Amino acid sequence: MSPKYKIGDLVILNDFGRLVIDDNRTRVGIVVNGPDNKLHPSPEEATLMYWAYDIMVADELITEVPQEFLQRMIDTDHEENPVLSQE
């Protein structure tokens, strides 16, 4: 898997992504660090590799966000996102 984002990329948060941050009125974030290649051994001794990024949203820095989770935060049609009520 290759990295999909770079420093300076803007990300538009979906409703799920806005739940992750303190000030959920903010919709735009920026990649301020990454991609960092993270390696973690799993219990089965296989190695898990993923890309991680630091994202600045308003005045909140969210560190080491895995690429797959970041995609959930911006993809409005992601199948794993909860359905949020439109009030």
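This text gives an overview of the structure that appears in the document. Values in this document were obtained by computation on a predicted structure and should not be read as measured data.

Thresholds, definitions, all that
- Residues numbered from 1 in each chain as written.
- Predicted model: local features only at pLDDT ≥ 70, side-chain atom pairs only at ≥ 80, totals over all residues.
- Heavy atoms only, no water.
- Phe/Tyr/Trp six-rings, centres within 6.5 Å; stacked < 30°, edge-to-face > 60°.
- Helix = DSSP H or I, 4+ residues; strand = E, 2+ residues; numbered from the N terminus.
- Buried < 20%, exposed > 50% of the residue type's maximum accessible area, 1.4 Å probe, protein only.
- Lys NZ or Arg CZ within 6 Å of the ring centre and 35° of its normal.
- Salt bridge = Lys/Arg side-chain N within 4 Å of Asp/Glu carboxyl O.

### What about the packing of aromatic side chains?
Here's step 1: This model, assessed by the stated rule, comprises 2 aromatic pairs.
Here's step 2: On the numbers, 5.5 Å between centres and 85° between planes, the contact of tyrosine 5 with tyrosine 53 is edge-to-face. In this pair, tyrosine 5 is assigned in the segment before strand 1 (10-12) and tyrosine 53 in strand 3 (residues 47-57), connecting sequence segments 48 residues apart.
Here's step 3: What makes tyrosine 5 buried here is its relative accessible area of 15%.
Here's step 4: Seen in terms of ring centroids, phenylalanine 16 and phenylalanine 69 are 5.7 Å apart; in terms of plane orientation they differ by 70°. Their pairing is edge-to-face. Placement of phenylalanine 16 in helix 1 (residues 15-20) and of phenylalanine 69 in helix 2 (residues 67-74) is noted, with a sequence separation of 53 residues between them.
Here's step 5: Lying over the aromatic face of phenylalanine 16, arginine 72 brings its terminal NZ or CZ to 4.4 Å of the ring centre.

### Section: the pattern of salt bridges
Here's step 1: Summed over the entire model, instances satisfying the criterion amount to 3 salt bridges.
Here's step 2: Across the pair aspartate 9 and lysine 6 runs a salt bridge whose closest N-O atoms are separated by 3.1 Å.
Here's step 3: Relative accessible area serves as the criterion here: at 52%, lysine 6 is assigned to the exposed category.
Here's step 4: Put simply, aspartate 15 and arginine 18 hold a salt bridge, and the shortest N to O gap is 3.7 Å. Placement of both aspartate 15 and arginine 18 in helix 1 is noted, with a separation of 3 residues, approximately one turn of the helix.

### Overview of unusual backbone geometry
Here's step 1: Cis geometry marks the peptide bond from glycine 34 to proline 35, where omega comes out at 5°.
Here's step 2: Inspection of the secondary structure puts proline 35 in strand 2 (residues 28-41).
Here's step 3: Within the chain, alanine 58 stands out as a residue other than glycine whose phi angle is a positive 55°.
Here's step 4: Structurally, the position occupied by alanine 58 is in the loop between strand 3 and strand 4 (60-66).
Here's step 5: In this structure alanine 58 comes out as partly exposed when scored by relative accessible area, which is 45%.
Here's step 6: Positive phi is not limited to glycine here, since glutamate 64 has a value of about 50°.

The analysis is restricted to geometry; functional conclusions fall outside its scope.
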